[in-house]
Amino acid sequence: MSERTVEHDTIVVERNFQASPKRVFAAWADPNAHGLWKVPGDNWELAEFENDFRVGGRERSCFGPKGDPKYCSDGSYLDIVQEARIVSVGTMHDGKARISGTLCTVELLADGKGTRLILTDQSAFFDGRETPSERKSGWGKILDRLVIQMGREDATA
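Quantities reported herein were computed from a predicted structural model and do not represent experimental measurements.

A. Structural view of the packing of aromatic side chains. Using the criterion set out here, one finds six aromatic pairs in the structure. Their ring planes at 70° and their centres at 4.8 Å tell us that Trp28 and Trp37 sit as a pair that is edge-to-face. Note on Trp28: relative accessible area 6%, which makes it buried. Here Phe53 and Tyr77 contribute two aromatic rings whose centre-to-centre distance is 4.9 Å and whose plane-to-plane angle is 75°, an arrangement assigned as edge-to-face. Here the residue Phe53 occupies a position in the loop between strand S2 (44-51) and strand S3 (58-65), and Tyr77 occupies one in strand S4 (residues 71-81), the gap between them amounting to 24 residues. Put simply, the rings of Phe25, Phe53 and Tyr77 pair up and form one aromatic cluster.

B. Examining the state of the cysteines more closely. This model, assessed by the stated rule, comprises one disulfide. In this structure Cys104 is a free cysteine whose sulfur lies 18 Å from that of Cys72, the closest cysteine sulfur available.

C. The arrangement of helix H1 (residues 21-29) in detail. Buried residues of H1: Pro21, Val24, Phe25, Ala27 and Trp28, and no others. All buried residues of H1 project into a common sector of 150° when viewed along the axis, lining one side.

D. Spotlight on a nonpolar patch on the surface. Nonpolar side chains collect at one region of the surface, where Leu78, Val89 and Leu103 lie side by side and expose about 210 Å² of accessible area between them. Relative to the elements of secondary structure, Val89 occurs in strand S5 (residues 85-94). Owing to a relative accessible area of 34%, Val89 belongs among the partly exposed residues under this scheme.

Definitions and limits used
Residues numbered from 1 in each chain as written. Predicted model: local features only at pLDDT ≥ 70, side-chain atom pairs only at ≥ 80, totals over all residues. Heavy atoms only, no water. Phe/Tyr/Trp six-rings, centres within 6.5 Å; stacked < 30°, edge-to-face > 60°. Buried < 20%, exposed > 50% of the residue type's maximum accessible area, 1.4 Å probe, protein only. Helix = DSSP H or I, 4+ residues; strand = E, 2+ residues; numbered from the N terminus. Disulfide = S-S within 2.5 Å. Arc of directions from axis to C-beta. Patch = residues over 30% accessible without salt bridge, like charges linked within 9 Å, V, L, I, M, F, W, Y side chains within 5 Å. Areas by Shrake-Rupley, 256 points an atom, 1.4 Å probe, with all protein chains shown as cover. Salt bridge = Lys/Arg side-chain N within 4 Å of Asp/Glu carboxyl O.

And the structure:
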């Protein structure tokens, strides 16, 4: 690609859960639980996933449509406040091409017996390889899967 561009955007996605902040936080902290909802749909696969959930720890994943897990993200945790906040930074690649750099903040707010989650994604999108609307849609689908997963856990608890 001969033209180099960068587009900056801040994306905010919110979801409400009928689960406590403790349970929603655990879905992020536990690598097995996190892997259950990490991709935006059933037609996607999570081919690799590492989650060293601690300040300074690394999260790495490779994912994509089934049979083509061409996207990889690599990041680290900057700040973790038990049951309240997760801040991470990372890059995403499509094959060998870096497509974005991101600062992501997840806030968990007690809301009655449930939780209000606010995810703020501040990204630089490189060379038109991904758009803010695609990222917002992806986060929306991923968080919808988390809502479903939390409901499944309620049903088995």
